[in-house]
Amino acid sequence: MSSIVIIPSRYASSRLPGKPLCLLSGKPMIQHVYERARRARLVQDVFVATDNKLIYDTVEGFGGNAIMTSETHPSGTDRIAEAIEKLQAIGHRFQATDIIVNVQGDEPLIHPQMIDDVIRLMDDERASIGTLSKRIEDTTEVIDPNIVKVVFNSEGFALYFSRSPIPYHRNEWKDPGQITVYGSQFTLFKHIGIYAYRKDVLLILSKLPPTKLEEIERLEQLRALENGFRIKVKETKFETIGVDTSMDLERVEKCLNTSL
């Protein structure tokens, strides 16, 4: 069993066009993501799957591996599936159980250990997909629909993902104004959007139509749950900042400068 990282990276973004090429501490954002992925100990190779020649040339320019993919993909999973098919076409030999790790191209603070952690989750043969969660310590994240919450069972398998506060503390939260992480008897977790897939599972998922819950919540991972795939979740101590706006860029820049 081998493990490779594929970083889906598209140029178009409604809030920050061309964000993979935005400079952070003198390097394009996609280079930060790529170099951090390369430092994961359990990864054999890293590729950027992009729909844009500028991103492709930038990755090749700093010595990375890039694959051109279609501009029409509705999700990163679809883009990664095309990248796998192109790699197979040029002679890359995949086994059905090989692990494909989806690292988001707008996560320049991704820690290499996070990648190793999701790969290790796949040692459990019951798991089709591995992902991470982090304890919520800020009440604003509980009520923020852009922060995805996750609940899982005693063995660490996901039960549901939602943009709403889950589980809902009926006895403590009498109305939305009382929602808080303080004093709760149950820890709330947010989802960290890194995934490890078995290769065949990823290709199957990319060909399945969107499901009702997926469309309602706008969460692609619900397609996997609704189709019976098991997602194993591990808690991480690492924080990430997904870059969607220029303000996010400033926050990441400060974090990078602090860690230098």
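Here, the structure is the one placed above.
Residues numbered from 1 in each chain as written. Predicted model: local features only at pLDDT ≥ 70, side-chain atom pairs only at ≥ 80, totals over all residues. Heavy atoms only, no water.

Draft legend 1. Broad picture of the overall build of the protein. Of regular secondary structure, the protein possesses nine helices and 11 strands. On C-alpha atoms alone, the protein measures out to a radius of gyration of 18 Å, which is about the 18 Å that the 2.2 N^0.38 rule sets for 260 residues. Oriented by its inertia axes, the alpha-carbon framework of the protein measures out at about 55 × 40 × 35 Å. Within the protein, the fraction of its 260 residues that count as buried is 52%. Residue pairs in contact within the protein that sit at least 24 positions apart in sequence constitute 66% of those at least 6 positions apart. Of the roughly 12,800 Å² that the protein leaves accessible, carbon and sulfur atoms contribute 50%. (Helix = DSSP H or I, 4+ residues; strand = E, 2+ residues; numbered from the N terminus. Rg over C-alpha atoms; globule rule 2.2 N^0.38 Å. Buried < 20%, exposed > 50% of the residue type's maximum accessible area, 1.4 Å probe, protein only. Contact = heavy atoms within 4.5 Å. Areas by Shrake-Rupley, 256 points an atom, 1.4 Å probe, with all protein chains shown as cover.)

Draft legend 2. Expanded view of helix α1 (residues 29-38). Counting buried positions along α1 gives eight out of 10 residues, so the element sits mostly inside the fold. Looking only at α1, the buried set comprises Met29, Ile30, Gln31, His32, Val33, Tyr34, Arg36 and Ala37.

Draft legend 3. Just the environment of Pro165, in detail. In this fold, Pro165 is placed in the loop between β9 (158-162) and β10 (189-198). The spatial distance from the C-alpha of Pro165 to the C-alpha of Val150 is 9.1 Å, given a sequence separation of 15 residues. Those residues in contact with Pro165 that sit more than four places away from it in its chain are Val142, Lys149, Trp173 and Ile179.

Draft legend 4. Broad picture of unusual backbone geometry. Of note, the bond from Ile166 into Pro167 is cis; its omega dihedral lies within 30 degrees of zero at -10°. Here Pro167 lies in the loop between β9 and β10. Phi at Ser25 is positive, roughly 50°, even though this residue is not glycine. With respect to the secondary-structure elements, Ser25 resides in the loop between β2 (23-24) and β3 (27-28). On the basis of relative accessible area, Ser25 is assigned to the partly exposed category, the value being 32%.

Draft legend 5. Broad picture of empty space enclosed by the protein. Applying the stated rule across the entire model yields two cavities of 30 Å³ or more. Here the largest cavity defines a volume of roughly 110 Å³. Taken together, Thr77, Ile129, Tyr195, Tyr197, Leu205, Ser206, Glu220, Gln221, Arg223, Ala224 and Ile231 form the lining of the largest cavity. Elements supplying a minimum of two residues to the lining of the largest cavity: β10, α6 (199-207) and α8 (221-226). The element contributing the most residues to the lining of the largest cavity is α8, with three residues. When the residues that make up the lining of the largest cavity are grouped by side-chain class, the tally is six nonpolar, three polar and two charged. (1 Å grid on protein atoms, 1.4 Å probe; cavity = no way out; pocket = protein on both sides within 12 Å on 5 of 7 lines; lining within 4 Å. Points joined across faces, edges and corners; volume = space filled by probe spheres on them. Nonpolar A, V, L, I, M, F, W, Y, C, P; charged D, E, K, R; others polar.)

Draft legend 6. Geometry of the nonpolar core. In terms of nonpolar packing, the biggest core is built from 30 residues, with Ile6, Ile84, Ile100, Ile129, Phe161 and Leu202 touching the most fellow members. Elements with a minimum of two residues in this core: β1 (3-9), β4 (45-50), α3 (76-89), β9, β10, α6, α8 and β11 (231-235). Considering every element that reaches this core, the biggest residue donor is α3, with five residues. Once you skip the residues sitting within four places of it in the chain, Leu202 turns out to touch Thr77, Ile80, Ala81, Ile84, Ile100 and Tyr197. (Core = buried A, V, L, I, M, F, W, Y, C linked by side-chain atoms within 4.5 Å.)

Draft legend 7. Structural context of the side chain of Arg223. Looking at the element boundaries, Arg223 is found in helix α8. The class of Arg223 is buried, set by a relative accessible area of 7%. A distance of 2.8 Å separates the side chain of Arg223 from the side chain of Glu214, its partner in a polar contact. With residues near it in sequence (within four places) discarded, Arg223 still touches Leu205, Ser206, Leu208, Pro209, Pro210, Thr211 and Glu214. (Polar contact = N/O pair within 3.5 Å; in protein donor to acceptor, adjacent residues only side chain to side chain.)

Draft legend 8. How the structure looks around helix α2 (residues 53-61). The opening residue of α2 is Asn52, an N-cap whose side-chain oxygen sits 2.9 Å from the backbone nitrogen of Leu54. Positive phi appears at Gly63, one or two residues downstream of α2, with a value of about 90°.

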